[in-house]
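# Structural description and commentary
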Amino acid sequence: MSRESDKERADRNFVELLQGARVAVTGVQVLFAFLLTVPFSQQFDRLAPADRWLFFAALVGAAVASICYIAPTAQHRVLFRQGRKELLVKRSNFYGILGALALIVSMTAATGLVIDYLFGPRLAWPVAGAIAVLALWTWFGQATLDRANGDDQDRDDQDSGEVPDGSSGGSDVPSSSSSREESRA
């Protein structure tokens, strides 16, 4: 099988970005919905000022993450059939990273808030810090280390299932006409 064209690669990359965002957006939506209901609970008025700031950080982080994860789909609708898929892929990648960072803030602040409310700040701050470090390491640190070790070359041929001799070991390029229509911009 021949190598994929630039257009096919952009289509495949965009589909892969959207699939990754679908995983994250579900969690973000559940967290955001929960956070939106918290101020209306009976105990919210008893929160200390520091806990209110944690809540603020969690809520804003979830809102920013939601915006970033939804942006690629909304922009795809606006740019549909405009021939700007490569721009959309690059922009969507940026939004995915920004959304993940905002999600780390939201998850860390929400976890810290709940632990502080239940057990006090002596346990809340170390656990929230550990959550932040774990998320930063697993989501960004390991991949950054891989890039620094020379693994940052364009590996799209391996991602698509092609082997060095040009044959294909399977491809992620959508095969149905409806999938191809959905992935065009």
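Rules and cut-offs
- Residues numbered from 1 in each chain as written.
- Predicted model: local features only at pLDDT ≥ 70, side-chain atom pairs only at ≥ 80, totals over all residues.
- Heavy atoms only, no water.
- Core = buried A, V, L, I, M, F, W, Y, C linked by side-chain atoms within 4.5 Å.
- Buried < 20%, exposed > 50% of the residue type's maximum accessible area, 1.4 Å probe, protein only.
- Helix = DSSP H or I, 4+ residues; strand = E, 2+ residues; numbered from the N terminus.
- pLDDT = per-residue confidence, 0-100.
- Contact = heavy atoms within 4.5 Å.
- Patch = residues over 30% accessible without salt bridge, like charges linked within 9 Å, V, L, I, M, F, W, Y side chains within 5 Å.
- Areas by Shrake-Rupley, 256 points an atom, 1.4 Å probe, with all protein chains shown as cover.
- Salt bridge = Lys/Arg side-chain N within 4 Å of Asp/Glu carboxyl O.
- Expected span 1.5 Å × (residues − 1).
- Phe/Tyr/Trp six-rings, centres within 6.5 Å; stacked < 30°, edge-to-face > 60°.

Moving on: the nonpolar core. What tends to happen in soluble globular proteins is that the nonpolar side chains get buried as a cluster. With 21 residues, the main nonpolar core has L35, F55, A65 and Y69 as its most contacted residues. Mapped onto this core, the elements with two or more residues apiece are α1 (6–37), α2 (49–78) and α3 (85–119). Listed in part, the five residues of the second largest apolar core include F14, L18, L79 and L88.

With that out of the way, let us pick up the confidence of the model for the chain. For the chain, the mean per-residue pLDDT works out to 82, and 81% of the residues sit at or above 70. In this model residues 160–185 is a low-confidence stretch, pLDDT under 50, and it forms 51 contacts with partners more than four residues away in sequence or in other chains.

A cluster of nonpolar side chains, contributed by W53, F56, V60, V64, F94 and L98, occupies part of the molecular surface with about 590 Å² of accessible area. Mapped by element, the contributors of at least two residues to the nonpolar patch are α2 and α3. A per-element tally of the nonpolar patch places α2 first, with four residues. Position of F56 among the secondary structure elements: in helix α2. Note on F56: relative accessible area 45%, which makes it partly exposed.

When the terminal C-alpha atoms of α3 are compared, their 49 Å separation across 35 residues agrees well with the 51 Å that a helix rising 1.5 Å per residue should span. Positioned one or two residues after α3, G120 has a phi angle of 100°, which is positive.

Here we come to the environment of E16. Mapped onto the fold, E16 is located in helix α1. Owing to a relative accessible area of 28%, E16 belongs among the partly exposed residues under this scheme.

It is worth spelling out the packing of aromatic side chains at this point. Scanning all chains against the criterion turns up three aromatic pairs. Ring plane angle 70° and centroid distance 5.2 Å describe the contact between F44 and F55, whose orientation is recorded as edge-to-face. Within this pair, whereas F44 is found in the loop between α1 and α2, its partner F55 is found in helix α2, the two being separated by 11 residues in sequence. Pairing W53 with F56 gives two aromatic rings, centres 5.5 Å apart and planes at 80°, and the pair type is edge-to-face. Of the two residues, W53 and F56 are both situated in helix α2; the distance of three residues between them amounts to about one turn of the helix.

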